[in-house]
Each structure stands twice: as C-alpha cells, then as structure tokens.
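Each chain is listed here by its residues.
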Amino acid sequence: MIQGLIGRGGYGQIYYGSDATFPEDVVIKIEPIVRNGRTGKRMLLEQKILYRLQGRPHVPIMCASGHTEHLNFIVMQLLGPNIGDLKKRSPARRLGPTTVARIMIQGIAALRDVHSLGYIHRDVKPANMCFGITQNTRHVLKLVDYGMVRRYKNPDGTRRKARHRPGFRGTLRYSSARVHDGKEQVPSDDFVSMAYSGAELLLVNLPWKLVCVEDIKQAKLDFHAPNSPFLLLTGPYFSVFCGAIFSLRSDDEPDHSSLQALLSEMTGGKSLREAYDWEENYREACGSEDY
Ligand SMILES: Nc1ncnc2c1ncn2[C@@H]1O[C@H](COP(=O)(O)OP(=O)(O)OP(=O)(O)O)[C@@H](O)[C@H]1O
C-alpha cells in the first residue's frame with residue numbers, strides 16, 4: 001500500500017508504504033519503462049545488482065522487483081534521511097569528526113560489499129548513503145542507488161578492458177579527476193568520491209562548490225596536495241586517510257581494511273553502534289573546532 005512520496009530522482013519517483021509480505025515499512029522506487037521515447041535501462045540494472053547484493057550488510061533489503069505495463073519498480077526496506085540531508089539539518093551545516101569517521105568506515109565497508117562482487121558503484125555521495133530506521137539497523141549505513149553500477153571484473157576475476165571513451169556517469173561534484181579526463185572508472189574512483197563526501201561533511205562545503213565547471217578538476221588536484229589548506233582543515237586523521245586514497249593508482253585493488261584502520265583514532269573510541277551527531281542534537285558538530 002502506497003502512503004506518500006519521498007522524492008523524485010532524475011529517473012523516477014520514490015514512494016513509501018507497506019508490503020503485506022515484509023515486516024518493515026518499505027519504499028517503492030518506480031521508473032517509466034519508456035521515457036522521452038527511450039527505454040529506461042537504469043532500473044533494470046538496479047534490480048539485477050540489488051538482487052545479487054542481497055545479504056550484504058550495507059545494501060538495502062529488496063523485498064520485490066518487477067514491472068507493470070508502463071513501469072519498472074523495486075520495493076525495498078525504508079531507510080532514514082540521507083546523510084546529505086542530515087548534514088543540512090545540522091545548525092553548523094556540518095557533522096562532527098567522530099560521526100564522519102564512523103560514516104566513512106561503514107562507507108568503505110559498503111564499497112567492499114560492491115567491489116568484492118566485481119562491481120563499482122560510480123555515484124558515491126552523501127545523498128546516496130542512509131542509515132536504517134529499525135532498532136537493528138539505525139546505526140548501519142546503507143549505500144543506495146545502484147542505477148549507475150558497472151561490472152569492472154570479468155567472471156574469471158581479471159579486469160575488464162577499459163573502453164576508449166566511456167560516457168560520463170556519476171555526479172560531477174564527487175567525481176575523481178580521472179573521471180574528469182573521461183577515463184574508465186575503477187574501484188579507486190569510488191574511494192575518491194567517498195573521501196570527497198567525507199570532506200564535505202566535515203568542511204560544510206567542498207572547495208570547488210562555487211568554482212566554474214572548467215576549473216573544478218584543478219581545484220580537486222589542489223585539494224590533493226599534502227599542504228592544501230582545505231585538506232589540512234579536515235584534521236590530521238582524515239587528511240592522512242585522503243592522502244592514502246588520492247595516491248591510489250587506477251590498477252590498484254584497494255585494501256578496504258587498511259583504509260578503515262586510518263580512521264580508527266578519529267572515532268574518538270566510539271563504536272559504530274553508538275549515537276551519531278543527529279541523535280545528540282548535533283552537539284559535536286556545533287561544539288568542536290579541532291579534530
Ligand atoms: N530505501 C530507501 N529508503 C528511504 N529513502 C530512500 C531509499 N532509497 C533512496 N532513498 C532516498 O531517495 C533519494 C533518491 O534515491 P535514488 O538515488 O535511489 O533515486 P534516483 O532516482 O536514482 O535519484 P537520482 O537520479 O537523484 O540519483 C536518496 O537520496 C534517498 O534520500
């Protein structure tokens with residue numbers, strides 16, 4: 001039963017409601033089969049990938065998927081507001097370092113869920129990360145929106161051959177410099193988008209927020225420099241974490257655990273299951289300057 005609209009994405013709509021066969025509230029994501037005279041393939045891809053990823057802790061549970069005469073649809077568990085919205089609700093317009101560290105640690109685990117199956121996400125950003133809403137899931141980060149995923153490995157585990165001119169996929173603000181250069185995306189590009197997402201949560205805005213499109217790539221490269229003032233503002237632990245990500249090469253298979261370990265001090269000893277900033281009136285985001 002559909003109860004209301006959550007939002008309209010670029011490709012379709014998301015409603016919330018209930019499903020007689022699933023114990024939690026659900027969302028129904030729909031996409032017209034034919035849009036502007038073209039057959040939409042995004043949701044078919046998302047259905048397929050979500051099906052394959054079921055059972056992974058950082059992937060939303062999908063209860064049903066299919067199509068009607070005019071629509072493709074996915075029914076999945078209802079999650080909380082996305083991290084971008086939780087940041088906007090903060091009076092300081094940012095999140096505190098122990099919260100960001102724990103979001104990143106879980107975000108890297110979510111990337112491991114996707115990468116270990118041979119896929120890359122290609123649209124990692126705060127708006128595509130949500131916590132659950134039940135007692136068991138409210139401190140578990142879920143990565144959403146699998147409509148831009150691509151297989152980067154062959155079934156035998158070798159890398160797929162890079163295409164000469166792949167079309168742009170993703171969200172420019174969070175795309176790596178390689179993606180600006182029109183290169184085929186690889187796992188390290190998902191990590192760069194994750195690092196930019198974390199920096200935005202800490203800094204209020206990314207340094208290239210108001211920069212014209214032609215200059216964004218250079219602003220990103222400036223941010224990568226070890227002595228970049230913006231990078232240093234993210235604090236000693238996060239800047240080391242970013243440094244490790246920015247030095248990844250395109251043929252690297254990044255080690256998710258060692259990247260997570262770089263953030264363990266930044267959690268301030270808080271476990272992943274302890275309260276996050278929005279559960280404590282954004283006390284940390286508003287109070288602390290140094291991390
Ligand atoms: N399972 C869910 N529960 C609650 N909210 C969700 C869920 N899935 C997605 N959302 C919300 O809906 C928004 C859009 O979702 P999603 O990115 O999957 O749709 P989309 O049509 O691909 O959007 P876009 O084109 O903007 O990327 C997310 O930012 C998130 O806030």
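Each value, and the rule that gives it
- Throughout, residues of each chain are indexed from 1 in the direction in which the sequence is written.
- Totals for whole chains, interfaces and linings use every residue, but because this is a predicted model, local features are given only for residues with pLDDT of at least 70 and side-chain atom pairs only at 80 or more, for both listing and counting.
- As a convention, hydrogens and water are excluded, and side-chain values are obtained from all of the structure's heavy atoms.
- Any two strands with at least two DSSP bridges between them are considered paired.
- Runs of E in the DSSP output that reach at least two residues are strands. Runs of H or I that reach at least four are helices, and both are numbered from the N terminus.
- Whether a residue is near a molecule or strand depends on its heavy atoms: it is near if one of them lies within 4 Å of it.
- Side-chain atoms alone can form a polar contact between residues adjacent in sequence; in general such a contact is a pair of N or O atoms within 3.5 Å, and within protein one must be able to donate a hydrogen while the other accepts it.
- Method for areas: the Shrake-Rupley scheme with a 1.4 Å probe, in which residue coverage is limited to the protein chains shown.
- Each residue gets one label: Ala, Val, Leu, Ile, Met, Phe, Trp, Tyr, Cys and Pro are nonpolar, Asp, Glu, Lys and Arg are charged, and the others, such as Gly, are polar.
- Here a pair means two rings of Phe, Tyr or Trp (six-membered ring of Trp) with centres within 6.5 Å. Their orientation is stacked below 30 degrees between planes, edge-to-face above 60, and tilted elsewhere.
- Think of it in three bands: with a 1.4 Å probe and only protein chains considered, a residue is buried below 20% of the maximum accessible area for its type, exposed above 50%, and partly exposed in between.
- Placement of a charge over a ring requires the Lys NZ or Arg CZ to be within 6 Å of the ring centre, with the centre-to-atom vector within 35 degrees of the ring normal.
- Interaxial angle, 0 to 180 degrees, is taken between N-to-C directions of lines fitted to C-alpha atoms, where a helix line uses only the stretch in contact.
- Here a residue-residue contact requires only that any non-hydrogen atoms of the pair lie within 4.5 Å.
- UniProt positions are given in the numbering used here, feature names are shortened, and annotations may be inferred rather than shown by experiment.
- For each domain, the first and last residues come from an automatic or database assignment.
- The buried area of a pairing is the accessible area, by a 1.4 Å probe, that goes missing from both parts when the two are put together, added over both.
- Salt bridges are identified by distance alone: a Lys or Arg side-chain nitrogen within 4 Å of an Asp or Glu carboxyl oxygen.
- Only buried residues count toward a nonpolar core. Its members are Ala, Val, Leu, Ile, Met, Phe, Trp, Tyr and Cys residues joined through side-chain atoms within 4.5 Å.

Visitor: Sorry if this is basic, but what is going on with the pairing of strand S1 (residues 2-8) here?
Guide: Regular strands show a simple pattern: their side chains alternate between the two faces of the sheet. Bridging between S1 and strand S2 (residues 13-17) involves five bridges; their strand directions are antiparallel. Its bridge partner being in S2, Gly-7 is matched across the sheet by Ile-14. Linking S1 back to S2 in an antiparallel pair, the connection comprises four residues.

Visitor: Sorry if this is basic, but what is going on with the site of the ligand here?
Guide: Near the ligand lie 15 residues; those nearest to it are Gly-10, Lys-29, Arg-42, Leu-79 and Ala-127. One nitrogen or oxygen atom from the main chain of Gln-77 is found 2.9 Å from a nitrogen atom belonging to the ligand. With the chains in place, 84% of the 620 Å² that the ligand exposes on its own is no longer accessible. Those elements that provide at least two residues to the shell around the ligand are strand S3 (26-32) and strand S7 (71-77). Of the residues belonging to the shell around the ligand, the class tally is seven nonpolar, five polar and three charged.

Visitor: How should the packing of aromatic side chains be read in this particular structure?
Guide: Pairs of aromatic rings are described using the distance from one ring centre to the other and the angle between the two planes. One pass over the full model with this rule turns up nine aromatic pairs. When the centroid spacing of 4.8 Å and the interplanar angle of 50 degrees are considered together, the rings of Phe-131 and Tyr-276 count as tilted. Residue Phe-131 is found in strand S9 (residues 129-131), and its partner Tyr-276 is found in the loop between helix H9 (256-261) and helix H10 (283-287); the two are separated by 145 residues along the sequence. Summarising the burial analysis for this pair, Phe-131 and Tyr-276 share the class buried. Put simply, the rings of Tyr-196, Trp-208, Phe-223 and Phe-246 touch in pairs and so form one group of aromatic residues. Seen from the ring of Tyr-276, Arg-102 lies directly overhead, with NZ or CZ sitting 4.1 Å from the centre.

Visitor: So what exactly am I meant to see when it comes to the sheet that holds strand S6 (residues 62-67) here?
Guide: Backbone hydrogen bonds are what pair the strands of a sheet, in a parallel or an antiparallel way. With antiparallel pairing, the five strands of this open sheet are ordered in space as S1-S2-S3-S7-S6. The outermost strands of the open sheet, each flanked by one partner alone, are S1 and S6. Ignoring strand direction, the axes of neighbouring strands in this sheet form an average angle of 20 degrees. Summarising the sheet, S2 and S3 pair through five bridges and their orientation is antiparallel. Bridging across to S3, Gly-17 finds its partner in Val-26. Taken strand by strand, helix H1 (residues 42-53) contacts S3, S6 and S7, and its axis lies near 35 degrees from that of S7.

Visitor: Explain the UniProt feature "binding site: ATP" (unreviewed entry) in the protein here, please?
Guide: Under the feature "binding site: ATP" (unreviewed entry), the UniProt entry names Lys-29. Counting through the fold element by element, Lys-29 comes out in strand S3. Here Lys-29 is in contact with Gln-13, Ile-14, Met-43, Glu-46, Asn-72, Phe-73, Ile-74, Met-76 and Asp-145, once residues within four sequence places are set aside. A distance of 2.8 Å separates the side chain of Lys-29 from the side chain of Glu-46, its partner in a polar contact.

Visitor: It is not clear to me how the domain arrangement of the protein should be interpreted in this structure. Could you clarify?
Guide: Reports of interface size often rely on the accessible area that becomes lost once the parts have come together. Looking at the assigned domains, one finds that the protein contains domain 1 (8-17 + 24-77) and domain 2 (83-287). Tallying the contact residues gives 15 residues for domain 1 and 20 residues for domain 2. Together, the buried faces of domain 1 and domain 2 total about 1,600 Å²; carbon and sulfur atoms form 58% of this surface. At the surface where domain 1 touches domain 2, the tally comes to two salt bridges. Across the pair Lys-29 and Asp-145 runs a salt bridge, and its minimum N-O distance is 3.7 Å. There are eight residue pairs in polar contact (both at pLDDT 80 or more) connecting domain 1 and domain 2.

Visitor: Whenever I open this one, unusual backbone geometry confuses me. Can you help?
Guide: In most cases, non-glycine residues show a negative phi, while peptide bonds are predominantly trans. One non-glycine residue, Asp-145, adopts positive backbone phi at about 70 degrees. Unusually for a residue other than glycine, Asn-281 sits at a positive phi of about 55 degrees. By the element assignment, Asn-281 lies in the loop between H9 and H10.

Visitor: Honestly, the nonpolar core in this entry has me stumped. Any pointers?
Guide: One recurring pattern in soluble globular proteins: nonpolar side chains tend to sit buried together. Core analysis: the biggest nonpolar cluster contains 58 residues, and Ile-83, Ile-103, Tyr-146, Phe-238, Phe-246 and Trp-278 have the highest contact counts within it. Here this core spans two domains, and each of domain 1 (8-17 + 24-77) and domain 2 (83-287) adds at least three residues to it. Ignoring any residue separated from it by four or fewer positions in sequence, one finds Ile-103 in contact with Ile-83, Leu-95, Met-129, Phe-131, Leu-141, Leu-201, Tyr-276 and Trp-278. Residues Phe-22, Val-26, Ile-30 and Val-75 belong to the second largest nonpolar core, which totals five residues.

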